[in-house]
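# Survey of secondary and tertiary structure
Each chain, written out:
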Amino acid sequence: MATYTFRRVLQMLPLLLLISLIIYALTALQPGDPVDQLTLGNAQITPADIARLKAAYGLDQPIYLRYFYWLVQALHGDFGWSRSFSAPAAQYVFQERLPNTLLLTVPALVIALLIAVPLGIYSAMRQYSWMDSVLTFLSFVAFSTPVFWLGPMVLWLFAISLPQLTNGVVSLPPGGLGDPNLDPATAGFWTLLLDKLRYLALPLAVLALREVAVILRFMRANMLEVLNLDYVRTARAKGLPVRTVIYKHALRNAVIPIITLMSLAIPGLFGGAVITETVFSWPGMGRAIFEGLVNKDFNVVLASLTFISLLTLIFSLLADLAYAAVDPRIRYD
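Residues numbered from 1 in each chain as written. Predicted model: local features only at pLDDT ≥ 70, side-chain atom pairs only at ≥ 80, totals over all residues. Heavy atoms only, no water.

### Examining the pattern of salt bridges
- Scanning the model with the defined rule gives 5 salt bridges in all.
- Across the pair Asp132 and Arg220 runs a salt bridge whose closest N-O atoms are separated by 2.7 Å. Taken together, the residues Asp132 in helix α6 (residues 130–144) and Arg220 in helix α8 (residues 189–227) connect sequence positions 88 residues apart.
- Arg287 is paired through a salt bridge with Glu291; the nearest N and O atoms lie 3.0 Å apart. Remark: Glu291 and Arg287 occur in helix α12 (residues 285–294); sequence separation between them is 4 residues, near one turn of the helix.
- Of the residues examined, Glu291 reaches a relative accessible area of 15% and is grouped as buried.
- Each of the salt bridges in this network shares a partner with another, and the network as a whole consists of Arg97, Arg287 and Glu291. (Salt bridge = Lys/Arg side-chain N within 4 Å of Asp/Glu carboxyl O. Helix = DSSP H or I, 4+ residues; strand = E, 2+ residues; numbered from the N terminus. Buried < 20%, exposed > 50% of the residue type's maximum accessible area, 1.4 Å probe, protein only.)

What follows is the structure in structure tokens.
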């Protein structure tokens, strides 16, 4: 196992390098650059001023040289300066935006697992029943409903039709606190957490709903496949209790594809939260990516997307290691 893990880590390094090159190229090749955004609407600036600014920022050099200089700095932890937010890009993304994204995505994933896995097992055990039909229908509806439509509808329902719940949808101020009487230096951890939870309820529900639909469908399909295998029928023929057959024998094999799903869902939630965080004005990493693209603040975009790419590689490795822990037939030695 240790040899396999070490080999996979070595393979991740050139792959991450290639991914960073693709991300940098796609970001740099889009129309406009930071200087164009900076000089937009400024009638007094001259072409000579624009050329001087582009030379100062290195935007007049070939893209491969710009990528090389950026890569050298990134390897030292320096992702450049964020012009839009007047802070180092890495500090802004990882210290100010990442905690808010974790506060949104981690509970959403935990809630989705706690709801979807039992419902998927229940639906598979009662295949073609009225409850199975209802769960299947609702999961298809939730999966096919786009977040950019569901989010505004939830805002309309709770902010306009039920204004007493408006505190759950008002965006967090730049300081990250909704209560102006709270002082981060003196307020306790739980007080600050409860202050943010007021604004977390609706984006958390929207983000978790889609994950519930996906996991439920996978769990149901996997359980139906496992329940028809010979070893499960043998366990039933021996007279073992239904709970033992399901949770000790069937579930262990049925959960293997869910591990793959989760390994992609966790980093995907960081990027997939772009729409959710933008709709609900939640100050997380996803919204930072959107604002960085709009404002041509490429350093924020590159820092965020590189981090998401690294997460994808790490969780892909963890999923492979989890296979061996769940299924004793899988060995990497």
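### A short note on the nonpolar core
- Residues Met219, Met223 and Met262 are the most contacted members of the largest nonpolar core, which totals 36 residues.
- Leave out the neighbours within four places in its chain, and Met219 touches Ala116, Val117, Gly120, Ile121, Leu251, Ala254 and Ile258.
- Counting residues in hydrophobic clusters, the runner-up holds 24 residues, among them Ala87, Ala89, Phe270 and Ala303. (Core = buried A, V, L, I, M, F, W, Y, C linked by side-chain atoms within 4.5 Å. Contact = heavy atoms within 4.5 Å.)

### Focus: the layout of surface pockets
- Its volume calculated, the largest pocket comes out at about 590 Å³.
- Along its surface, the largest pocket is lined by 21 residues, and Tyr24, Pro34, Tyr57, Leu59 and Asn299 are the ones closest to its centre.
- Every element with two or more residues in the lining of the largest pocket is listed here: α1 (2–28), α4 (63–75) and α13 (298–326).
- Classifying every residue of the lining of the largest pocket by side-chain character gives 11 nonpolar, 6 polar and 4 charged. (1 Å grid on protein atoms, 1.4 Å probe; cavity = no way out; pocket = protein on both sides within 12 Å on 5 of 7 lines; lining within 4 Å. Points joined across faces, edges and corners; volume = space filled by probe spheres on them. Nonpolar A, V, L, I, M, F, W, Y, C, P; charged D, E, K, R; others polar.)

### Let's talk about empty space enclosed by the protein
- With the rule as written, the count across this model stands at 1 cavity of 30 Å³ or more.
- The calculated volume of the largest cavity comes to roughly 30 Å³.
- Lining of the largest cavity is provided by Ala142, Thr145, Val147, Leu150, Val206, Leu209 and Arg210.
- Mapped onto the lining of the largest cavity, the elements with two or more residues apiece are α7 (147–161) and α8.
- For the lining of the largest cavity, the per-class residue count stands at 5 nonpolar, 1 polar and 1 charged.

### So, the packing of aromatic side chains
- All chains considered together, the criterion is met by 8 aromatic pairs.
- Each residue in the set Tyr24, Tyr67, Trp70, Phe79, Phe94 and Phe307 is aromatic and connected to the rest through ring pairs, giving one cluster.
- The ring of Phe143 carries Arg210 above its face, with NZ or CZ at 4.7 Å from the centroid. (Phe/Tyr/Trp six-rings, centres within 6.5 Å; stacked < 30°, edge-to-face > 60°. Lys NZ or Arg CZ within 6 Å of the ring centre and 35° of its normal.)

### Considerations on α4
- An ideal rise of 1.5 Å per residue puts 18 Å on 13 residues; α4 measures up with 18 Å between its terminal C-alpha atoms.
- Along α4, the residues that are buried comprise Arg66, Tyr67, Trp70, Leu71 and Ala74. For α4, the buried positions fall inside an angular range of 135 degrees around the axis, keeping them on one side. (Expected span 1.5 Å × (residues − 1). Arc of directions from axis to C-beta.)

### Thoughts on the packing of helix α5 (residues 89–125) against α12
- Axis separation between α5 and α12 bottoms out at 7 Å; the angle between their running directions is 130 degrees. The pairing of α5 with α12 is recorded here as oblique in orientation. The residues of α12 that touch α5, namely those facing Tyr92, Val93, Phe94, Arg97, Leu98 and Thr101, are Met285, Gly286, Arg287, Ala288 and Glu291.
- The class makeup of the residues in the contact of α5 with α12 is 6 nonpolar, 2 polar and 3 charged. (Axes fitted to C-alpha atoms, helices over the stretch in contact; angles between N-to-C directions. Parallel < 35°, antiparallel > 145°, perpendicular 65-115°, else oblique.)

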